[in-house]
Amino acid sequence: FSHLANNCLSNSRKSTTAGSVVFSFLGATPDGAYLDFAVTDTGSGIPGHIAPRLFSDPISTRGQRGVGLGLVSCKTFARAIGGDIWLENTKLRTPEDPQGGTEMRFRLPGTTIRQPAEPTTDDSIIVLPDDCIVHVVEDSGLVRKAIIAKLKAVQGSTKSWTFHEHLTVEAVLPILTTLLDPATNVIISVDEHLESQGGVLKGTSLIETLHNVGFTGVVISATGDPDLGVAHLAAGADLAWGKPFPGAATVKRDLARAWKKKRPSSSDAATTTSPCS
């Protein structure tokens, strides 16, 4: 494949001083046993006395740079594995008609691989809870506002979500038992370093604690640091956000997946009553 593709592309580039050179995958043959490819250019075209001998003679065409060189070996290699290469069409550029060009095609044995479709329950029907309490643990006011704005965009107008801001992990500890109520839908966004507001405990300690006591809500690592995000996931976070934060569609999809993983029965039940658009 590389030999044929590179040779055709090289020839087209050398003969094309203006316009374009396009490599295309044309698809599989009807029987599914071969794959067809094309290289099309807007170059000088191939003279009529050369075109019939492109694949049979080692043509040296100094006046038509790059046209025909190496195509004999391309034909040999393609046919050796059951494929072929041919000149689909060509038009010679002339002073009277500057619109020239060539299309080479080749066919090689092979099949396409189709990626299995993802389950429709994750993406085509996105389910988030109607009622949710969101706690944002972050020492930066600007970042807190950005996280809340992102989640409000996901929430939409049909849901009742409340938002609470905490500057340190220590500020969350007095209400920790209320977060563990399995009847309450909770999302917690956590930063790692909160020293600027007097915090001593790290975000990792809160994530580990929630994981160890069986927290059934969704924990988001919002540090923006890839290494810390990995550490938070290992500690029990469900999601790790980089910076800039992901778009609303990605956030909605990822939250729905995390929610379904943490509470599969409630998410399945909700698909019949509360789909998000």
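The shown structure was predicted, so the numbers you read here are calculated from the model rather than taken from an experiment.

Looking at the nonpolar core
(1) Moving on: Among the nonpolar cores identified, the biggest contains 23 residues, and Val134, Ile147, Leu151, Ile187, Val218 and Leu255 are the most heavily contacted of them.
(2) Moving on: Broken down by secondary-structure element, the contributors of at least two residues to this core are strand 6 (131-137), helix 4 (141-155), strand 7 (160-166), strand 9 (218-224), strand 10 (239-242) and helix 8 (248-262).
(3) Moving on: Discounting chain neighbours no more than four positions away, the residues touching Ile147 are Val136, Ser189, Ala222, Trp241 and Phe245.
(4) Moving on: Residues Ala5, Leu9, Leu71 and Ala78 belong to the second largest nonpolar core, which totals 19 residues.

A word on the sheet that holds strand 10
(1) Moving on: Taken in spatial order, the 5 strands of this open sheet run 7-6-8-9-10, and their pairing is parallel. The outermost strands of the open sheet, each flanked by one partner alone, are strand 7 and strand 10. Averaged over all pairs of adjacent strands, the angle between strand axes in this sheet comes to 20°, irrespective of strand direction.
(2) Moving on: Relative to strand 9, strand 8 (residues 186-190) runs parallel, the two sharing 4 bridges. For Val190, the partnering residue across the bridge sits in strand 9 and is Ser221.
(3) Moving on: Docked against the sheet, helix 6 (residues 203-212) engages strand 6, strand 8 and strand 9, running at close to 155° with respect to strand 8.

Looking at the pattern of salt bridges
Side chains bearing opposite charge may pair, as long as their charged atoms lie close to each other.
(1) Moving on: Taken as a whole and assessed by the stated rule, the structure comprises 9 salt bridges.
(2) Moving on: The partner of Arg105 in a salt bridge is Glu88, with the nearest N and O atoms 3.9 Å apart. Of this pair, Arg105 sits in strand 4 (residues 101-109) while Glu88 is found in strand 3 (residues 84-91), placing the two residues 17 residues apart along the sequence.
(3) Moving on: Its relative accessible area of 25% is what places Arg105 among the partly exposed residues.
(4) Moving on: Looking at Glu88, the relative accessible area reads 34%, which means it is partly exposed.
(5) Moving on: The closest approach of N and O atoms between Asp97 and Lys91, which form a salt bridge, is 2.9 Å.
(6) Moving on: When its relative accessible area of 26% is taken as the criterion, Asp97 is described as partly exposed.
(7) Moving on: Linked by salt bridges that have partners in common, Lys75, Arg79 and Asp84 make up one network.

Remarks on the sheet that holds strand 2 (residues 34-41)
(1) Moving on: Read across the sheet, 4 strands follow the order 1-2-4-3 without closing on themselves; strand pairing throughout is antiparallel. The two strands at the open ends of the sheet, each matched to only one other strand, are strand 1 (21-28) and strand 3. Sheet twist, expressed as the average angle between the axes of neighbouring strands with direction ignored, equals 15°.
(2) Moving on: Where strand 2 lies against strand 4, 8 bridges are found, and the strand directions are antiparallel. Residue Asp36 lies in a different strand from strand 4, and its bridge partner there is Arg107.
(3) Moving on: Across the sheet, helix 2 (residues 71-80) is in contact with strand 3 and strand 4; its angle to strand 3 comes to roughly 140°.

Observations concerning the pairing of strand 6
(1) Moving on: In terms of residue burial, strand 6 counts as a mostly covered element, since 5 of its 7 residues are buried.
(2) Moving on: Two strands pair when backbone bridges link them, and strand 6 and strand 7 are joined in this way by 7 bridges, in the parallel orientation. Across the sheet, residue Asp131 finds its bridge partner in strand 7, namely Ser160.
(3) Moving on: Inspection of the sheet shows strand 6 paired to strand 8 by 5 bridges, in the parallel sense. For Ile133, the partnering residue across the bridge sits in strand 8 and is Val186.

Thresholds, definitions, all that
Residues numbered from 1 in each chain as written. Predicted model: local features only at pLDDT ≥ 70, side-chain atom pairs only at ≥ 80, totals over all residues. Heavy atoms only, no water. Core = buried A, V, L, I, M, F, W, Y, C linked by side-chain atoms within 4.5 Å. Buried < 20%, exposed > 50% of the residue type's maximum accessible area, 1.4 Å probe, protein only. Helix = DSSP H or I, 4+ residues; strand = E, 2+ residues; numbered from the N terminus. Contact = heavy atoms within 4.5 Å. Pairing = 2+ DSSP bridges. Axes fitted to C-alpha atoms, helices over the stretch in contact; angles between N-to-C directions. Salt bridge = Lys/Arg side-chain N within 4 Å of Asp/Glu carboxyl O.

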